[in-house]
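Single-letter residue listing:
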Amino acid sequence: MAVRRASRSRFVLLLLILTAGTIITLSYRTRANHVIDRVKSWASDVFKPVETGFRDAWDPVANFFRGAVDYGSEKSANAQLRQEVGSLRRQSLERTDQARQLKALLALDKLPFAGGLPKVTAQVIDTNFSNFQLTLQLNRGRGAGVAVGMPVVSGAGLLGRVVQVASGQATVLLVTDPTSSVGVRDGGVVGVASGQGQGKALRVDYVPPGQPVHKTDVMVTSGLQGGLYPPGIPVGTVSVAAQPADSLQEELALRPVVDLSQVQFVDVLQWKPPPS
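Residues numbered from 1 in each chain as written. Predicted model: local features only at pLDDT ≥ 70, side-chain atom pairs only at ≥ 80, totals over all residues. Heavy atoms only, no water.

Asker: I keep staring at the overall build of the protein and nothing clicks. Help me out?
Answerer: A tally of helices and strands in the protein yields one helix and twelve strands. If you list the helices and strands of the protein from N to C, you get α-β-β-β-β-β-β-β-β-β-β-β-β. Taking all 276 residues of the protein together, 28% fall into the buried category. Put simply, 56% of the contacts in the protein that link residues at least 6 apart link residues at least 24 apart. Total accessible area computed for the protein in this model is approximately 18000 Å², and 58% of it derives from carbon and sulfur atoms. (Helix = DSSP H or I, 4+ residues; strand = E, 2+ residues; numbered from the N terminus. Buried < 20%, exposed > 50% of the residue type's maximum accessible area, 1.4 Å probe, protein only. Contact = heavy atoms within 4.5 Å. Areas by Shrake-Rupley, 256 points an atom, 1.4 Å probe, with all protein chains shown as cover.)

Asker: Help me out: how do you make sense of the side chain of Ser180 in this one?
Answerer: Relative to the helices and strands, Ser180 resides in the loop between strand 5 (170-174) and strand 6 (181-186). Overall, the relative accessible area of 5% leaves Ser180 in the buried class. Discounting chain neighbours no more than four positions away, the residues touching Ser180 are Leu173, Leu174, Val175, Ala193, Ser194 and Gly195.

Asker: How do you make sense of the sheet that holds strand 3 (residues 151-153) when you look at a structure like this?
Answerer: By way of backbone hydrogen bonds, the strands of a sheet pair with one another, either parallel or antiparallel. Read once around its circumference, the closed barrel built from six strands follows the order 1-2-5-4-3-12, with strand pairing classed as antiparallel. Taking each pair of neighbouring strands and ignoring which way they run, the sheet shows an average axis angle of 45°. Relative to strand 4 (residues 158-165), strand 3 runs antiparallel, the two sharing three bridges. Residue Pro151 lies in a different strand from strand 4, and its bridge partner there is Arg161. (Pairing = 2+ DSSP bridges. Axes fitted to C-alpha atoms, helices over the stretch in contact; angles between N-to-C directions.)

See the structure below:
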C-alpha cells in the first residue's frame, strides 16, 4: 500500500513539473515573440536609411546598364533608318538622273537648228579637261557612221567637232579648247569665236567697232569659216560687249550655250562641208 502511495505522489509531482514547464515555455515564447517584434522594428528603423541609400546608389548603375542596352537598340535602329534614308535618296537621285537623261534625249529628238540633217545619237563616256586639251569621248564611231569633221551638238547648241574616230568610239574637240575656233554671226555681224580654256568665255575677234551687238544676244555659226560648221547652230550668249577707245574691233565674249561639264548625250550631225 505504501509503495502504491509513493508512486502516485511521484506521478502527481511529475505532472505538476510538466505543467509548470509548459506554462513557463508559453510565457517565454510570448515574451520572445514580443522581443523579436521589437527587434524587427528596430532593425527596420536602423537599416532603412542604408536600404534607401543603397537603392539610391544602385539606381544610376541600373539606369546605366538599362541605358546601355537601350542605346545599343537605338543605335541599331538609327543605323537601319540611315540605311533606309540612303536607299530612298539613291532612288530619288536615280529617278532624277533618269528624268534628266530622258529630257536630254527628247531635246535631241527634234533640233530646230539641224535643218533635217541626219544624225547619230551618242553617249559621253569620258572627258578630258586638261590644260592642253578639252575633249569628250563618245561611244559611237566609224561603225555608226561618225566621221572626222562632223559637228557635235546637244539640244541647246554646239559642243564642237569630231577630230578622231575609231570603229566604236569618237573624240570631240570642244569649242572651249584653245585650239578651237568657229565662225559666228549675230544678224549681219560676223566674227570668229575662239576657245580660251575650261570654264572661260569664248573670245570673238574681227568684229568692227560700233556694231549692233548687245549683251544676252545669242550668236550662231555663220557657215562662212571654210565650211567647218553648217550655219545657224547656237554657239554662245554675249556676256561682254564693249567698244574700247582707239580699238580696231569690238570687245566681245560669249558664254557657251551648252554646259560642257554636264553633257551626257549628244548628236553627231552627219554633215559634210560643200566642196570648195
